[in-house]
Amino acid sequence: MKIARLETFTFEASTEGSSERLDPSSHTIVVRLTDVDGRTGIGEADAPPDAVRAFLEMRHAHDLSQRLSDLLIGADPLEAPALWDRSYEATLYTGRRGLGIHALSAVDMALYDLAGKQYQVPAYRLLGGARRARLTPYATCYVGSAADRTVTQHTDALLDLLRRAVALGFRAVKAELLFPEMTSDQLIAAIRAAREAVGPNIELIADFGYRFTDWREAAYVLRASEDCRLFFAEATLSHDDLAGHARLADAVAVRIGGAEFAATRWECREWLERGKVDVLQPDINRCGGLTEIRRIAEMAQWYGALVVPHAWKTGITVAACRHFQAATANAPFFEFLSPLLWPSELRRALVTPEPTLAEDGTMALPDAPGLGVALTSGDFPETSHAETAP
Ligand code: MG
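Structural notes, computed from the coordinates. Note that this is a predicted model, so its numbers are computed, not measured. (Residues numbered from 1 in each chain as written. Predicted model: local features only at pLDDT ≥ 70, side-chain atom pairs only at ≥ 80, totals over all residues. Heavy atoms only, no water.)

Looking at the sheet that holds strand β1 (residues 3–12)
Applicable threshold: When DSSP finds two or more bridges between a pair of strands, those strands are recorded as paired. Secondary structure counts use DSSP, requiring at least four H or I residues in a row for a helix and at least two E residues in a row for a strand, with both numbered from the N terminus. Inter-axis angles, ranging from 0 to 180 degrees, are taken between N-to-C directions of lines fitted to C-alpha atoms, where helices are fitted over the stretch in contact.
Across the sheet, four strands lie side by side as β3-β2-β1-β16; this open sheet has antiparallel pairing. In this open sheet, the two strands that pair with only one neighbour each are β3 (40–45) and β16 (384–388). Within the sheet, the average angular offset between the axes of one strand and its neighbour, ignoring direction, is 20°. In the sheet, β1 pairs with strand β2 (residues 27–35) via nine bridges, with the strands oriented antiparallel.

Notes on the packing of aromatic side chains
Quick reminder of the rule: Pairing of aromatic rings covers Phe, Tyr and the six-membered ring of Trp, with a centre-to-centre limit of 6.5 Å; geometry is then stacked below 30 degrees between planes, edge-to-face above 60, and tilted otherwise. Relative accessibility decides the category of a residue: with a 1.4 Å probe and only protein chains considered, values under 20% of the type maximum give buried, values over 50% give exposed, and everything between is partly exposed. Here, a charge over a ring means that NZ of Lys or CZ of Arg falls within 6 Å of the ring centre while also lying within 35 degrees of the ring normal.
Within this structure, the stated rule accounts for 13 aromatic pairs. Ring centres of Phe-9 and Phe-11 lie 6.3 Å apart, and the angle between their planes is 10°; on these two criteria the pair is classed as stacked. Taking 5.6 Å as the distance between ring centres and 75° as the angle between the ring planes, the aromatic pair formed by Tyr-142 and Trp-312 counts as edge-to-face. Here Tyr-142 is found in the loop between β5 (137–141) and α6 (151–168), whereas its partner Trp-312 is found in the loop between β11 (306–307) and α13 (315–326), with 170 residues between them in sequence. Trp-312 gets classed as buried once you look at its relative accessible area, which sits at 6%. Every member of this aromatic cluster is reached through a ring pair, and the members are Trp-84, Tyr-88 and Trp-266. Its guanidinium or amino end placed over the ring of Phe-212, Arg-211 lies 6.0 Å from that ring's centre, counting from NZ or CZ. Lying across the ring of Trp-84, Arg-295 places its NZ or CZ 5.2 Å from the centre.

Take a look at the structure:
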């Protein structure tokens, strides 16, 4: 059941009238693979759509800089990990990290979707099967950019959103503390207020938006808020300050997270060995797809680390996260951008169906073949389409 076609679609939601500039769910590039019998599989990447498309369509230059479609057309989607390795080798000059791996992530996701449909099994079974009975999402709570808000207004809006998430049934939430004007002491007060808002029985994560340039300042905030029992601290120091992450991880009791921009297990290994983080947060649509995040999770087990994937995109990435968590023991949560908590047109309407949250804050294992979601016929502006010629 070989692959016959590779197409890309770019979707952009209207951002007219919005001041929000930090929303990766405002656009996406979808890769669609079609097999010889007409079945399709979809995946997406969180990288500039034009650049991903150019990478996928680039002309064959030589053996270390090949055109990916030449490898994929005629290949068997059931062999996703082998295809990953061949694609990596075939794009060594331009791939290896960053953009090339982001593009490969979308392809890899589409391979699992397509193979799952061919064999009529949910993608997590192709990842080795269920390691848990139920799924647990954490709800990302972001109130938008801080523009024109005072610290108090911003914190109050965030507390309202956290309470809404808990009222919806979520048992794990993340507070996006992305307000650069806050002092460290205001930040500590905001963490304390967040814990009070959600109550004692909810897992609380805090995203610091890379605000610290100094690990000692981050350590001061995390020690002073230790009694608030953060599950982990995200985006504390600069993404490339691995030495700082290691010193911070040594200095505080709370788990330190990182690696949300990382591509491949090799980059994640640096985060474990040099950064000494407790929680890896690679994004399935950037790190190399389902094949690579499973390898990352298996590696993380050797270091006693957890994997909680970053996921701020459309329902395609949400679906990939569900299958990943289903098949992974050391993934206690996955990031869930709920359409009820963040008004993104593409997140809400690009694919269907939307998973249901049970009263206990969990979700059922996916049961439809492949990723289990399909593109809707939503009318999204500035949509473009290209087919990569065989
Ligand atoms: Mg974040």
